[in-house]
2 protein chains.
Amino acid sequence: MSLRPTVDFLLNDWLHVESLNQRERFADHSRETFDAVLDTCERIAREKYAPFNRVVDTQEPHFDGEKVILPQATHDAQKAYAESGMLSAAQDYEVGGMQLPYTVEAAANAFFAMASVSIGSGMLTTGNANLLMAHGTDAQKRVFALNEFSGRFSGTMCLSEPQAGSSLSDVATRAVPDGPDFQSDPLGPRYRLKGNKMWISAGEHELTENIIHLVLAKIPDENGRLVPGTRGISLFIVPKKIVNPAGELTGERNDVALAGLNHKCGWRGTTNTLLNFGEGRFPVKGEAGAVGYLVGQAGKGLHCMFHMMNEARIGVGMAATMLGMAGYHASLDYAKNRPQGRPMGPAGKDPAQPPVRIIEHADVKRMLLAQKAYCEGALALELYCARLVDEQHTADATTADDARLLLEVLTPIAKSWPSEWCLEANSLAIQIHGGYGYTRDFPVEQYWRDNRLNMIHEGTHGIQAMDLLGRKVLMEGGKGLSLLAGRINDTIQRAIHIPEFAAHANALGQALAQVGAATKAAWATGEPTDALANAVPYLQAFGHTVLAWIWLDVALAAHAAAESPARAGRLAAMRFFFHYELPKIGAWLQVVSSRDQTCAALPEEAF
Amino acid sequence: MSLRPTVDFLLNDWLHVESLNQRERFADHSRETFDAVLDTCERIAREKYAPFNRVVDTQEPHFDGEKVILPQATHDAQKAYAESGMLSAAQDYEVGGMQLPYTVEAAANAFFAMASVSIGSGMLTTGNANLLMAHGTDAQKRVFALNEFSGRFSGTMCLSEPQAGSSLSDVATRAVPDGPDFQSDPLGPRYRLKGNKMWISAGEHELTENIIHLVLAKIPDENGRLVPGTRGISLFIVPKKIVNPAGELTGERNDVALAGLNHKCGWRGTTNTLLNFGEGRFPVKGEAGAVGYLVGQAGKGLHCMFHMMNEARIGVGMAATMLGMAGYHASLDYAKNRPQGRPMGPAGKDPAQPPVRIIEHADVKRMLLAQKAYCEGALALELYCARLVDEQHTADATTADDARLLLEVLTPIAKSWPSEWCLEANSLAIQIHGGYGYTRDFPVEQYWRDNRLNMIHEGTHGIQAMDLLGRKVLMEGGKGLSLLAGRINDTIQRAIHIPEFAAHANALGQALAQVGAATKAAWATGEPTDALANAVPYLQAFGHTVLAWIWLDVALAAHAAAESPARAGRLAAMRFFFHYELPKIGAWLQVVSSRDQTCAALPEEAF
């Protein structure tokens, strides 16, 4: 079974990605060039990633005192990925890119995430370099970003600290000017950084010549004090090894030391590190302090970083989606081949008959269709968001601004929804395997472990929920929410006249009204403590409503296609979502609308 | 933080377990003797189990070619457990037991499950020996059961085979009479067994002198054919090492060979094995075939085995519950100590203020209260079921029969509900820890991995759901369901006159009516394929309704107690369940009532 027909259907029949070729930036592209990219990525993922997914789980990264050792397969996979040109797929021709629409890039990357999510760290390198292309100086682009695009260097994002995870205002890494000439360094204003960064993915390895850390830190004021809050945060490029303005390694290490590898329950192919910046282990020019170059303006670091973080959030959503998809395909394959039990009813009464394959049992079909509805729905959502990125960058001004605002509202869903429901899909994949599912002889338990990190990666459910209900649905006078409601109503209008969709269109309209009413009710007192006490149930209901809309919209495209098993499957997945899933929103919204304080009001000693 | 106050409250203030002392069997017991048992178990669990929970995860059982190696801690823990007398706690004084009520035994065992679920395999040994006390001959009791109770031997249950997991009618292990004198063996009719058994927990180790396997197998007819279906199944005692009628090892191995250890994602402290019976690796008297002694009547093996399986199902429910509880306590402790972020509203606007502990955030409180509601509710359910076991064994005939029937209906819930919702609790415990939660430096990711097995152990959700909707709610003219409804209505009647409970009592009444209506609607056509297509959503809704009832009943006991933080916590957990959880049943029951065939009707090629 292949993912490709689903990707092709979503890109071509649903999102009409080929129509982007009418825009100047993508004018050289065609269905053929898109297909060629997908073909290449599908092949590399199949040959260099999938066969080694268990290897990277069992041969966890380890530190030999000098170097972090990763399996050879990881080196080979990253080399093949870099050679494919995917690191700079979306970049301009003039810097060696393909000027590929982000929608196609995201779809192509899905194959790697499905084959082995934790081998691939291309997302961070690309995101890092993209940030520098947007906010860096020409020299920073040339020396750092271009070498990341070529695969010579790799990139990280260093936000969290041991005492500051979700709360970036507590960042305590300090950056002080490096000598009187610090302003005149060709690579940007030069600082020395001291501090500790936690949860740094791909923070140390030997996969590339150098590692380019993008680090949040604070520049102390004249009294040596750090500005409290996020206003004081600046962004720095801190290479693992010192680089000269020609982009060559000088042979000197920067003062960045691995303080420890985090040992995780999943996603083990990627190192996850605690890094010490400037502790003096690798002094530069005889002095402790990691050399870092300011990116953009001092004090505006978080703004720049969000450029990368929003991409990373869609990336995490896609990773969660594809882990779910991998489990769906594995359990579908198992269900088609495993004989066990007999049919219900008279046909099953004769034990002398041979057992049937488990895909013939209704409950196994239920677990398969749930996975399909979760994972293919989530993939559609991620590609829809990717399409909005293309709109934001290449459409006319009004369309672009609408796309920007829609993305603001949808990003918390694109991040959180797959991390919850495609994890549930992985659990169903285990369940279909029975006892075999929890053994390490089958791949599904690893998908489930790998996926558990995604509800935490790049902002927990709690953070996404506060972002959605506390900021996104309110911003710009609620315009983002109105835009989304407009898109949903468009779909409803197209569906309501088709007899087999009318009931679903009505159900979606009611769900949208319920979400709207709950949003108002949550904020009725104007008190954040009232409104946000149940922000996560709100996020869950919002997410299910968005997915119901996505499915109805996808079903409209399927409906227009010729009869086929795939068409029947898409229509059934849509019906599953409306019958089994959408009705769940009532329970979630009830506590939001009543501003339920059962949890928030309970004193600590009562737990 | 200790589990003990919760256990004490449930046993004494809610279940009034002391009143059992009025029955002859328990006449020597008192609150003091019960407390002494709990004290001992709490201490052994704290000293011999909890400190080694990570050790048994990382030092997975391995086979050195001759023996299965387990950590020393496992040997020490099992020795301490056996010495406590807990293996025979419920047995008669005359065979060395304590005549302890099962309710107290179950509560005492909860401490071990919470401290390290996978060290403890006492459940299987006790269950095995209990089965023999009920169905074995005097010699079988003396030679096998009593040596299990003393801890000299341990026990297993061997049902599944590689090709027959949930479908026991496909058992293919054969048992043939062992020579012309096979009927006259002092240990019971002697057979030779050949076949493979899969998923056998504690199937091979060196913890005890001998391992007593209880094995399901079929006796071929005169033409050498096995009777199809479950009617042909018989039960055999197959010791790992041959034992003489005096209970001494003869020095000879039986023909039972370890074919492989299953490597699992969790619950690693207990070996999980594929065993080959009778392959000729250890011939007995020069002949291949594992020597086994028939238990009870030929062809009635499954009936005997269910004696053990129902206990095992409550045991699995309790294990799932206590894994959830362990995560709840760990994350509560973390939340009380981890500073991160600032309060919502004006108080949190000043970033110069130090961060608060995360238990002060509403969403963290929500995740904690959800865990409390799931895990303490599940514990109450398991102890309620244990109390029914005591009623069944020691109450007057009518009460005993009611208890038996109620247990039939509640067992699928006692098994399935904690395995789903206390796993969800474990996921919330990870979430509260943020990134630390998915590292192996904190215990919560292991609880979550360990708990994933419980939705499969002793019958999957699918099997439990078919048992509930396909058999239990129908049996004896629906009397079991009526009895349960009667108990629920009793609670409603007691609660409805208390103003703060009236709304909950009404909600529970409505939920009960919805479940009743859905049961009828599911079976309206009389077709199992219609009724059972959505058996799992039915199981989920039924379970949530049962838990709401349990919580309201527990809250009545809490309400009667003096004001205290613990009382406030119990009442809040009840409210949480009614506000956040019970409303979920609508979505589940909708597909049951409409006999939704979206999944069942989808052809295989459409997935």
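Since the model is a prediction, treat every value here as computed from it, not as a measurement. The numbering scheme is per chain: residues are counted from 1 as the chain's sequence reads. Labels are handed out in written order, letters beginning with A for the chains and numbers beginning with 1 for the ligands. With the structure being a predicted model, the display of local features is reserved for residues of pLDDT at least 70 and the display and counting of side-chain atom pairs for 80 or more, all residues being used for whole-chain, interface and lining totals. Values shown for side chains rest on all heavy atoms present in the structure; no hydrogens or waters enter the calculation.

Describing the overall build of chain A
Phase 1 of the analysis: Across its full length, chain A carries 18 helices and 12 strands.
Phase 2 of the analysis: On C-alpha atoms alone, chain A measures out to a radius of gyration of 25 Å, which is about the 25 Å that the 2.2 N^0.38 rule sets for 607 residues.
Phase 3 of the analysis: Dimensions along the principal axes, computed over C-alpha positions, put chain A at roughly 85 × 60 × 55 Å.
Phase 4 of the analysis: Relative accessibility thresholds used throughout: buried, under 20% of the residue-type maximum; exposed, over 50%; partly exposed, between the two (1.4 Å probe, protein chains only). By residue count, 64% of the 607 residues in chain A fall in the buried class.
Phase 5 of the analysis: Here, residues are in contact when the closest pair of their heavy atoms is within 4.5 Å. Expressed as a percentage of contacts within chain A between residues at least 6 apart in sequence, the contacts between residues at least 24 apart total 75%.
Phase 6 of the analysis: Residue-level accessible areas treat just the shown protein chains as cover; the underlying method is Shrake-Rupley with a 1.4 Å probe. Just so you have it, chain A exposes about 20,500 Å², and 52% of that area is on carbon and sulfur atoms.
Phase 7 of the analysis: Just so you know, the count uses Lys and Arg for positive and Asp and Glu for negative, and it drops His and the chain ends. By convention, charge coordinates are those of NZ in Lys, CZ in Arg, CG in Asp, or CD in Glu. Side chains of chain A carry 55 positive and 67 negative charges; the gap between the two charge centres is 3 Å. What counts as a helix is a DSSP run of H or I of at least four residues, what counts as a strand is a run of E of at least two, and both are numbered from the N terminus. Atoms counted for the radius of gyration: C-alpha only. Globule rule: 2.2 Å times the number of residues to the power 0.38.

Digging into the interface of chain B and chain A
Phase 1 of the analysis: Residue-level contacts link 92 residues of chain B with 92 residues of chain A.
Phase 2 of the analysis: Approximately 8,000 Å² of surface area, both sides summed, lies buried where chain B meets chain A, with 62% of it carried by carbon and sulfur atoms.
Phase 3 of the analysis: Here a salt bridge means any side-chain nitrogen of Lys or Arg lying within 4 Å of a carboxyl oxygen belonging to Asp or Glu. Where chain B packs against chain A, one counts 6 salt bridges.
Phase 4 of the analysis: Among the salt bridges present, the one from A:Arg342 reaches B:Asp170, with a minimum N-O distance of 2.5 Å.
Phase 5 of the analysis: Think of a polar contact as two N or O atoms within 3.5 Å of one another; within protein, one of them needs to be a possible hydrogen donor and the other a possible acceptor, and neighboring residues in sequence only count if both atoms come from side chains. Where chain B touches chain A, the interface holds 41 residue pairs in polar contact (both at pLDDT 80 or more).
Phase 6 of the analysis: Broken down by element, the residue count for the side of chain B that touches chain A peaks at 8 residues, all from helix α17 (residues 565–581) of chain B.
Phase 7 of the analysis: In this count, Pro and Cys sit with the nonpolar residues alongside Ala, Val, Leu, Ile, Met, Phe, Trp and Tyr, while Asp, Glu, Lys and Arg are called charged and the others, Gly among them, polar. Residues of the side of chain B that touches chain A, tallied by class, amount to 45 nonpolar, 26 polar and 21 charged. Once two parts are joined, some of their accessible surface, as seen by a 1.4 Å probe, is lost; buried area is that loss totalled over both.

Examining the nonpolar core
Phase 1 of the analysis: What is meant by a nonpolar core is a set of buried Ala, Val, Leu, Ile, Met, Phe, Trp, Tyr and Cys residues, joined one to another through side-chain atoms within 4.5 Å. Membership of the largest hydrophobic core comes to 317 residues, with the highest contact counts inside it found for A:Phe542, A:Val546, B:Phe542 and B:Val546.
Phase 2 of the analysis: Residues in contact with B:Val546, not counting those within four places in the same chain, are B:Leu381, B:Leu410, B:Ile413 and B:Leu484.

Overview of the side chain of B:Asp390
Residues and elements named next belong to chain B.
Phase 1 of the analysis: Its location among the elements puts Asp390 in helix α9 (residues 362–394).
Phase 2 of the analysis: Among buried Asp, Glu, Lys and Arg side chains, Asp390 stands out as unpaired, with Arg387 the closest opposite charge at 6.1 Å.
Phase 3 of the analysis: Once residues within four sequence positions are removed from consideration, Asp390 is found in contact with Leu20, Arg23, Phe26, Pro101, Tyr102, Thr103 and Ala395.

Some words on the side chain of B:Asn254
All names here are of chain B.
Phase 1 of the analysis: Mapped onto the elements of the fold, Asn254 is located in the loop between β9 (249–253) and β10 (256–261).
Phase 2 of the analysis: Polar contacts involving the side chain of Asn254 include one to the main-chain amide nitrogen of Val291, which spans 2.8 Å.
Phase 3 of the analysis: What Asn254 contacts, discounting residues up to four positions off in sequence, is Val238, Pro239, Lys240, Lys241, Ile242, Phe282, Val284, Gly289, Ala290 and Val291.

Notes on the packing of aromatic side chains
Phase 1 of the analysis: Between 30 and 60 degrees the pair is tilted, below 30 it is stacked and above 60 it is edge-to-face, where a pair is any two Phe, Tyr or Trp rings, Trp via its six-membered ring, whose centres lie within 6.5 Å. Scanning the entire structure with this criterion turns up 37 aromatic pairs over all chains.
Phase 2 of the analysis: A centroid spacing of 4.9 Å and a plane angle of 85° characterise the contact between B:Tyr81 and B:Phe112, whose relative ring orientation is edge-to-face. Here B:Tyr81, found in helix α4 (residues 72–83), pairs with B:Phe112, found in helix α5 (residues 102–116); they are 31 residues apart in sequence, far enough to count as distant.
Phase 3 of the analysis: A residue is classified by how much of its surface remains accessible, and B:Tyr81, at 7% relative accessible area, is buried.
Phase 4 of the analysis: Ring geometry for B:Phe144 and B:Tyr293: centres 6.2 Å apart, planes at 35°, overall tilted. Of this pair, B:Phe144 sits in helix α7 (residues 138–149) while B:Tyr293 sits in strand β12 (residues 290–295), and the two are 149 residues apart along the sequence.
Phase 5 of the analysis: Residue B:Tyr293 is classed as buried on the basis of its relative accessible area of 5%.
Phase 6 of the analysis: Feature note: the residues A:Trp199, B:Tyr334, B:Tyr436, B:Tyr438 and B:Phe442 constitute an aromatic cluster, connected by ring pairs.
Phase 7 of the analysis: In this scheme, Lys NZ or Arg CZ marks a charge over a ring once it lies within 6 Å of the ring centre and within 35 degrees of the ring normal. Of note, A:Arg253 hangs over the ring of A:Phe282, and the distance from its end group to the ring centre comes to 4.1 Å.

Re the packing of helix α16 (residues 535–559) of chain B against α17(B)
Residues and elements named next belong to chain B.
Phase 1 of the analysis: Every axis corresponds to a line fitted to the C-alpha atoms, with the helix fit spanning only the stretch in contact, and the corresponding angles, defined between N-to-C directions, vary from 0 to 180 degrees. As a packed pair, α16 and α17 sit with axes 9 Å apart at the nearest point and diverge in direction by 155°. As judged from the angle between their axes, α16 and α17 are roughly antiparallel. Here the hand of the crossing between α16 and α17 comes out left-handed. For the pair α16 and α17, contact is made by His544, Leu547, Ala548, Trp551, Leu552, Ala555, Ala558 and His559 and by Arg567, Arg570, Leu571, Ala573, Met574, Phe577, Phe578 and Glu581, respectively.
Phase 2 of the analysis: Considered class by class, the residues forming the contact of α16 with α17 number 11 nonpolar, 2 polar and 3 charged. We call two directions roughly parallel when the angle between them is under 35 degrees, roughly antiparallel when it is over 145, roughly perpendicular when it lies between 65 and 115, and oblique otherwise. Here is the rule for handedness: rotate from the far helix to the near one, and if that takes an anticlockwise turn smaller than a right angle the crossing is left-handed, while a clockwise turn gives right-handed.

Considering the confidence of the model for chain A
Phase 1 of the analysis: Taken over all residues, the pLDDT of chain A has a mean of 96, while the share at 70 or more is 100%.
Phase 2 of the analysis: Reported confidence for the predicted complex is 0.97 by ipTM and 0.97 by pTM. What pLDDT conveys is the predictor's confidence in a given residue, as a value from 0 to 100.

Focus on the relation of the copies chain B and chain A
One copy of the chain maps onto the other through a rotation about an axis followed by a shift along the same axis.
Phase 1 of the analysis: Each copy superposes on the other: chain B lies on chain A with an RMSD of 0.0 Å after a rotation of 180° and an axial shift of 0.0 Å. These values place the two chain copies in the arrangement generated by a two-fold rotation axis. In terms of proximity to the rotation axis, the leading residue of chain B is B:Lys584, whose C-alpha is 3.2 Å off the axis.
Phase 2 of the analysis: Of the interface residues in chain B, 100% have counterparts in chain A that sit at the interface too, so the contact is made through matching surfaces. Our superposition of the copies is a least-squares fit, built on the C-alpha atoms of residues whose pLDDT is at least 70 in both.

Some words on the pattern of salt bridges
Phase 1 of the analysis: Across all of its chains, the model carries 78 salt bridges over all chains by this definition.
Phase 2 of the analysis: In this structure, the salt-bridge partner of A:Glu47 is A:Arg43, at a minimum N-O distance of 3.6 Å. Placement of both A:Glu47 and A:Arg43 in helix α2 (residues 31–49) is noted, with a separation of 4 residues, approximately one turn of the helix.
Phase 3 of the analysis: It is possible to trace a salt-bridge network through shared partners that takes in A:Arg54, A:Asp57, A:Glu60, A:Arg268, A:Glu445, A:Arg449 and B:Arg440.

Digging into the UniProt feature "domain: Acyl-CoA dehydrogenase/oxidase C-terminal" (unreviewed entry) in chain A
Phase 1 of the analysis: UniProt positions are given in the numbering used here, feature names are shortened, and annotations may be inferred rather than shown by experiment. Mapped onto the present numbering, the UniProt feature "domain: Acyl-CoA dehydrogenase/oxidase C-terminal" (unreviewed entry) falls on residues 299–468 of chain A.
Phase 2 of the analysis: Within residues 299–468 of chain A, the helical portion is 73% and the strand portion 0%, while the C-alpha atoms at the span's ends are 25 Å from each other.

Concerning the pairing of strand β5 (residues 190–201) of chain B
All names here are of chain B.
Phase 1 of the analysis: Counting buried residues in β5 gives 10 out of 12 residues, a clear majority hidden from the surface.
Phase 2 of the analysis: The pairing of β5 with β12 spans 4 bridges and is antiparallel. Bridge pairing links Tyr191 to Gly292 in β12.
Phase 3 of the analysis: Of the pairings in the sheet, the one linking β5 to strand β11 (residues 272–277) comprises 5 bridges and is antiparallel in character. Its bridge partner being in β11, Asn196 is matched across the sheet by Asn276. Strand pairing is assigned whenever DSSP detects at least two bridges linking the two strands.

A look at the packing of helix α6 (residues 122–135) of chain A against helix α8 (residues 301–337) of chain A
Packed helix pairs are specified by the crossing angle of their axes together with the interaxial distance, meaning the distance between the axes.
Residue and element names in this part refer to chain A.
Phase 1 of the analysis: The N-to-C vectors of α6 and α8 enclose an angle of 150°; their axes lie 9 Å apart at closest approach. In this view, α6 runs roughly antiparallel relative to α8, as classed from their interaxial angle. Note that α6 runs across α8; the crossing there is right-handed. Contacts between α6 and α8 involve Met123, Leu124, Gly127, Asn128, Asn130, Leu131, Ala134 and His135 on the former and, on the latter, His303, Cys304, Met305, His307, Met308, Glu311, Ala312, Gly315 and Val316.
Phase 2 of the analysis: Taken together, the residues of the contact of α6 with α8 break down into 9 nonpolar, 7 polar and 1 charged.

A look at the domain arrangement of chain A
Phase 1 of the analysis: Where a domain begins and ends is set by an automatic assignment or by a domain database. According to the domain assignment, chain A consists of domain 1 (1–120), domain 2 (154–299), domain 3 (300–459) and domain 4 (470–601).
Phase 2 of the analysis: A straight line from the C-alpha centre of domain 2 of chain A to that of domain 4 of chain A covers 42 Å.

Let's talk about helix α18 (residues 585–593) of chain A
Phase 1 of the analysis: All buried positions along α18(A) are accounted for by A:Ile585, A:Ala587, A:Trp588, A:Leu589, A:Val591 and A:Val592.
Phase 2 of the analysis: Contacts from the buried residues of α18(A) go to α10 (397–433), α14 (499–522), α16 (535–559) and α17 (565–581) of chain A together with α17 of chain B.
Phase 3 of the analysis: Just downstream of α18(A), A:Arg595 is the residue with a positive phi angle, here 50°.

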